[in-house]
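# Chain and residue survey
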Amino acid sequence: MKKQTLLLAGLFIMSFQLMTAQGSPDYDGGLKFKFNEDGSKYLRLISWAQVQANYNTDDTFDANGNENSKLNFNLRRARILMFAQINKDFLIVTHFGLNSLTSSTLSPTGKGDGSQLFFHDVWAQYNLGKDHTVGGGLHYFNGISRLNNQSTLNMMTLDNNRQSWATIGLSDQFARHLGVFAKGKFDKLQYRVAINDAAVSTLDGRTAVAGGDAVYNGRATLGSKDAGKTYAGYFDYNFLDQESNFLPYKVGSYLGGKKIFNVGAGFFLHPKGSVIDTGTALTPNLEGEDVSIFAVDAFYDAPLGDNGSAITAYAVYQNSDYGKDYLYSAYGTGSMIYGHVGYVFKGDVTKTRFQPYVSYGTHSYDAVGDDRSILGVGVNAYMSGHNSKLTLEYKNQEFGALDANTISLQAMIYL
């Protein structure tokens, strides 16, 4: 028994060394430990880190009136993703890490809330034949749009369009719901649908006031019977090359590695997810309001000739109804149009390539007359595709009295 243990340990170490020796640009999907000769039984690990330096061009002040430094550092993401399959009929996925660790969230001994690792995803899934799968757990099979299902490994822009993660922290845990899902395809039409529990706790901790606007805490206020479930779905038709739907994370840019043209549509419904008070200050009367979000989008990514150049383009229209005149943080009842486009310059795909891009979004709200507009202009330097890249981006956000300008430099590596 002792000899067998030593042998297994030795094989594990050898496998790890062989996997880590596979350098870019021929990197192929993570550290993979095979449990049989053809590799159909395996454990795969992926790890990535995104580190930012952010320069705010405007003067800002802390709660004590002291001027803040214009340059700040941010561990934007530090993640580990593992998935294992020892039978073609089922799979388990585990994904954990932390986000946005800054000087404000650091703790003296690493035990503060901002320093803690937590599960982003944990789900199990079962294949129903070749093209259809059901599963359950803490999952990322979201509805609404491609960007609400965006992978953080291969974004084209510095980060995702914030308004596209339309339920994050309101009915879910960091864009993940706890529930059951089904996903698959019918020829070129891919689908994902889910029924989930709404989270009891929410970022919107406000209390509904008589005659006031909606607040998003129906599950906590009205209970699980009336406001406990959410429903989501996203459907996209793959006109050209077929994208993988093995995992839920949508690719941001293929850098011309595929020829993709997809048109999609999705939804999110949370009956009585929000609450309004139709009574008076002395006799409140809380009523639920349905939350409904719908979107249509299109994604195009293709090489331009045989010289390494490529284009990536995306556009989405999203209509969001969080309840009467809802407006809180990045969320609001209204409509949004967002798009981005990037161009990879020609060059050897085994060497550093550059991709300038521009993004723009505008969001109108029922509650106010001002629109929110966000402009981003940046460039990616791909030293080994998405596995090693630098991103420099300028972003301007205008909304009411807000006119914020930020310059960010991000280094990302994933293995």
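Above this text you will find the structure in question.
Reference entry: report on the structure contained in this document. What you see is a predicted model, and the numbers here were worked out from it, not measured in a lab. Chains are numbered independently. Their residues run from 1 in the order of the written sequence. Only residues with pLDDT of at least 70 are given local features in this predicted model, and only at 80 or more are side-chain atom pairs given and counted; all residues enter the totals for whole chains, interfaces and linings. As a rule here, side-chain values cover all heavy atoms of the structure and leave hydrogens and water aside.

### What about the environment of Ala313?
Here a helix means four or more residues in a row that DSSP labels H or I, a strand means two or more in a row labelled E, and each is numbered from the N terminus. Note that Ala313 resides in strand β12 (residues 310–321). Note on Ala313: relative accessible area 23%, which makes it partly exposed. Residue contacts are defined here by distance: any two heavy atoms, one from each residue, within 4.5 Å place the two residues in contact. Setting aside chain neighbours within four positions, we find Ala313 in contact with Ala298, Phe299, Tyr300, His340 and Val341. Burial status follows relative accessibility: with a 1.4 Å probe on protein chains alone, a residue under 20% of its type maximum counts as buried, one over 50% as exposed, and anything between as partly exposed.

### Observations regarding the pattern of salt bridges
One speaks of a salt bridge when a side-chain nitrogen belonging to Lys or Arg is within 4 Å of a carboxyl oxygen belonging to Asp or Glu. Per the counting criterion, the structure on display carries 9 salt bridges. A salt bridge links Arg76 to Asp159; the shortest N-O distance between them is 2.7 Å. Taken as a pair, Arg76 in strand β3 (residues 71–87) and Asp159 in the loop between β6 (132–139) and β7 (177–186) lie far apart in primary sequence, 83 residues in all. With a shortest N-O distance of 2.8 Å, Asp159 and Arg77 are connected by a salt bridge. Here Arg77 lies in strand β3 and Asp159 lies in the loop between β6 and β7, a separation of 82 residues in the sequence. With relative accessibility at 14%, the residue Asp159 sits in the buried group. By relative accessible area, Arg77 is classed as buried at 1%. One network of salt bridges, with partners in common, ties together Arg76, Arg77 and Asp159.

### Quick notes on the nonpolar core
Counting 44 residues, the largest nonpolar core has Leu81, Phe83, Val93 and Tyr322 as its most contacted members. Those elements that place two or more of their residues in this core are β2 (42–56), β3, β4 (90–101), β10 (260–277), β11 (286–303), β12, β15 (334–344) and β19 (402–414). Non-local contacts of Tyr322, meaning those with residues more than four positions away in its chain, are made with Ala166, Leu170, Ala214, Tyr216, Ser274, Val291, Ile293, Tyr331, Gly332 and Thr333. Here, nonpolar core refers to any group of buried Ala, Val, Leu, Ile, Met, Phe, Trp, Tyr and Cys residues whose side-chain atoms link them within 4.5 Å.

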